[in-house]
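# Reading the structure
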Amino acid sequence: MKSLEFFGVSGWGTLGAAVLFFVLLYGISRLPKKKFEFAVRVLTGGAAGAAYGLAAWFISGGGEKSSPFAEELKTWFQLVGFGYVSLLKCLVLPMILIAGIRLVIKTPLSKTRSPLDQWKKWVNTLMLVASVLIATVLGLVFQVGAAPGSGQEIFSWSGGEGAGFTEAVSRLIPSGIGEDLLLGHSVGIFVFAAFIGIAARRMSVKYMDTIRPFLDVTEACFMTGTSVCKAVIAYKPVGACAIMAGFTAAYGPGALIMLGKFLAVLCLASAGMLLLQLFLCALSGVGPAAFVKAGKKAMAKALKTRSGSACLKDAQDALADGLGLKREITDPVASYAIQSGMQGCGALFPAMAAVFAAGLCGISLTPGLVLSLVVVIVLTSYGITGVPGTATMAEFSAVMGSGLGGAVFGLGPMVAIDPIGDVPRTLINVTGCMANAIIVERRVRE
């Protein structure tokens with residue numbers, strides 16, 4: 001019937017299932033906020049969507065394509081799921097631009113930098129690089145994102161776009177604000193934002209009355225942008241439901257195996273990063289036992305609250321009172337590491353999410369793409385300072401800015417498991433801020 005063709009289905013049963021799917025979405029959106037915290041609502045939405053998608057997969061013949069039921073329903077699932085991912089995608093670059101300008105403007109203007117400032121930034125950056133590399137290597141080794149039994153090659157030393165060093169570097173050079181926004185070059189956007197911020201900060205010394213409106217507009221844009229981010233993130237339960245429905249309808253039980261593997265490898269990468277932090281702290285005079293004993297309250301709180309900012313005070317107290325380090329050094333370093341370039345949310349998780357998205361979309365990473373991934377994640381981790389949904393923004397920025405734009409929609413499943421992944425990555429944020437402070441305190445003291 002023509003009416004059914006218009007809706008892209010071949011039978012009334014499929015159309016009824018699509019209507020039932022939207023009823024499910026409405027039910028997820030109406031979950032009481034006072035009774036269910038946000039993370040629970042996201043997981044509930046993801047679980048409900050996964051169950052619905054699996055039902056469609058089994059009804060259509062368990063992946064044997066004996067019936068078009070799952071394929072037709074999948075288009076409806078993707079209508080909502082891909083639509084939600086597109087909303088997140090369109091937020092990333094404008095927020096990097098605004099947050100980047102704001103970050104530079106709010107950085108104190110000084111002709112000379114103290115050893116504390118220099119060590120604080122260098123240690124933070126190098127720890128971010130280490131975090132990205134650990135997550136990327138483990139993600140490639142365990143082939144996260146590749147469908148079970150597919151035999152897909154997710155890494156190649158040669159061939160493909162962005163294989164060479166020069167190609168990788170050239171893609172990171174700013175080529176114009178319009179082109180960078182169009183092509184998703186997040187590094188170019190951040191560099192351009194830094195130039196604007198530097199110019200505004202320099203001019204404000206002599207011409208504050210003239211520059212003041214620009215500073216006010218920047219702050220107003222940032223506040224408006226964060227409000228928009230919060231509004232979009234509020235629909236995560238519905239987005240998770242639609243995304244998981246489409247994911248499981250396409251891959252069946254294999255979809256859950258892929259996500260389970262991702263979470264397992266993420267925990268392994270978090271453990272690897274923690275071991276590196278403990279090793280570097282030991283070299284700086286604080287043994288693993290002393291580190292864990294002093295920081296156990298902050299670490300336990302990180303696992304419970306999944307908020308690095310909420311644990312900052314406990315981490316600072318652990319460094320000063322528990323380990324006897326100089327608070328005037330450790331407090332600013334720990335605060336800087338939590339607010340700018342978090343090792344878990346800003347580096348570890350986005351790197352592994354990018355590998356997952358590439359594998360899911362059939363893209364083989366090359367050395368050039370891995371290099372791009374490291375540079376993009378490290379730079380933009382500073383550019384998303386203060387933006388709601390840091391890990392989500394970071395993972396989209398990583399994929400778009402490193403030349404993996406075709407894999408953006410492969411990040412969809414990350415929305416559904418975000419509350420689970422938030423546990424190990426927040427722990428690394430907190431232990432990372434402590435490790436940075438210990439390393440810097442020893443260097444500055446010497």
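Residues numbered from 1 in each chain as written. Predicted model: local features only at pLDDT ≥ 70, side-chain atom pairs only at ≥ 80, totals over all residues. Heavy atoms only, no water.

### Considerations on the overall build of the protein
Summing up its helical and strand segments, the protein has 18 helices and 0 strands in all. Compactness check: the protein gives a C-alpha radius of gyration of 23 Å against a globular reference of 22 Å for 446 residues, within 12% of the reference. Summarising its shape, the C-alpha atoms of the protein cover approximately 75 × 55 × 55 Å along the three principal directions. Relative to its 446 residues, the protein shows a buried fraction of 54%. Taking the intrachain contacts of the protein between residues at least 6 apart in sequence as the baseline, contacts between residues at least 24 apart amount to 82%. (Helix = DSSP H or I, 4+ residues; strand = E, 2+ residues; numbered from the N terminus. Rg over C-alpha atoms; globule rule 2.2 N^0.38 Å. Buried < 20%, exposed > 50% of the residue type's maximum accessible area, 1.4 Å probe, protein only. Contact = heavy atoms within 4.5 Å.)

### Some details on the side chain of Lys74
Mapped onto the elements, Lys74 comes out in helix H4 (residues 69-106). On the basis of relative accessible area, Lys74 is assigned to the buried category, the value being 15%. Leaving out residues up to four positions away in the same chain, Lys74 has contacts with Gly246 and Ala250.

### Quick notes on the packing of aromatic side chains
Applying the stated criterion across every chain yields a total of 11 aromatic pairs. Between the aromatic rings of Phe21 and Phe22, the centroid separation amounts to 5.4 Å while the plane-to-plane angle is 70°, which identifies the pairing as edge-to-face. With relative accessibility at 0%, the residue Phe21 sits in the buried group. The partly exposed category is assigned to Phe22, whose relative accessible area is 33%. With a centroid separation of 4.7 Å and an interplanar angle of 35°, the aromatic rings of Phe82 and Phe409 are classed as tilted. Of the two residues, Phe82 is situated in helix H4 and Phe409 in the loop between helix H17 (390-401) and helix H18 (412-445); the sequence distance between them amounts to 327 residues. The partly exposed category is assigned to Phe409, whose relative accessible area is 33%. Members of the aromatic cluster, joined through ring pairs, are Phe21, Phe22, Tyr52, Trp76 and Phe77. (Phe/Tyr/Trp six-rings, centres within 6.5 Å; stacked < 30°, edge-to-face > 60°.)

### Section: the pattern of salt bridges
One pass over the structure, following the stated rule, counts 15 salt bridges. A salt bridge links Glu219 to Lys106; its shortest N-O distance comes to 4.0 Å. On the criterion of sequence distance, the pair formed by Glu219 in helix H9 (residues 208-233) and Lys106 in helix H4 is long-range, its members being 113 residues apart. The partner of Arg425 in a salt bridge is Asp422, with the nearest N and O atoms 2.9 Å apart. Here Asp422 and Arg425 lie together in helix H18, a separation of 3 residues that amounts to about one turn. Accessibility assignment for this pair places Arg425 and Asp422 in one class, buried. Within the structure, one salt-bridge network assembled from shared partners comprises Glu37, Lys236, Arg306, Asp418, Asp422 and Arg425. (Salt bridge = Lys/Arg side-chain N within 4 Å of Asp/Glu carboxyl O.)

### Concerning the environment of Gly246
Assignment of secondary structure puts Gly246 in helix H10 (residues 236-251). Residue class for Gly246 comes out buried when judged on its relative accessible area of 8%. In sequence terms Gly246 and Gly412 are 166 residues apart; their C-alpha atoms lie 9.8 Å from each other. Residues contacting Gly246, with those up to four places away along its chain left out, are Lys74 and Phe77.

### Things to note about the side chain of Glu395
Here Glu395 shows up in helix H17. Buried and unpaired, Glu395 has Arg425 as its nearest opposite-charge partner, separated by 5.3 Å. (Lys, Arg positive; Asp, Glu negative; His and termini not counted.)

### A word on the confidence of the model for the protein
Model confidence for the protein is summarised by a mean pLDDT of 87, while 94% of its residues fall at 70 or above. At the level of individual helices and strands, the protein shows its lowest average pLDDT in helix H1 (residues 2-6), which scores 68, and its highest in helix H11 (residues 253-283), which scores 95. (pLDDT = per-residue confidence, 0-100.)

### Quick look at the packing of helix H14 (residues 327-339) against H18
Across the interface, H14 lies against H18 with an axial gap of 8 Å and an inter-helix angle of 140°. What the angle tells us is that H14 and H18 run oblique. For the crossing formed where H14 meets H18, the hand is right-handed. Contacts from Ile329, Thr330, Val333, Ala334, Ala337 and Ile338 of H14 reach H18 at Asn429, Val430, Cys433, Asn436, Ala437, Val440, Glu441 and Val444. (Axes fitted to C-alpha atoms, helices over the stretch in contact; angles between N-to-C directions. Parallel < 35°, antiparallel > 145°, perpendicular 65-115°, else oblique. Left-handed = near helix turned anticlockwise from the far one by under 90°.)

### Comments concerning the state of the cysteines
Counted by the stated rule, this structure contains 0 disulfides. Cys221 takes part in no disulfide bond, and the closest cysteine sulfur to it belongs to Cys229, at a distance of 13 Å. (Disulfide = S-S within 2.5 Å.)

### Regarding unusual backbone geometry
With a phi angle near 55°, Gln143 is a residue other than glycine that sits in the positive phi range. You can see Gln143 is positioned in the loop between helix H5 (115-141) and helix H6 (165-172). Here the phi dihedral of Arg306 falls at roughly 55°; this positive angle occurs in a residue that is not glycine. Mapped onto the fold, Arg306 is located in the loop between helix H12 (288-305) and helix H13 (308-322).

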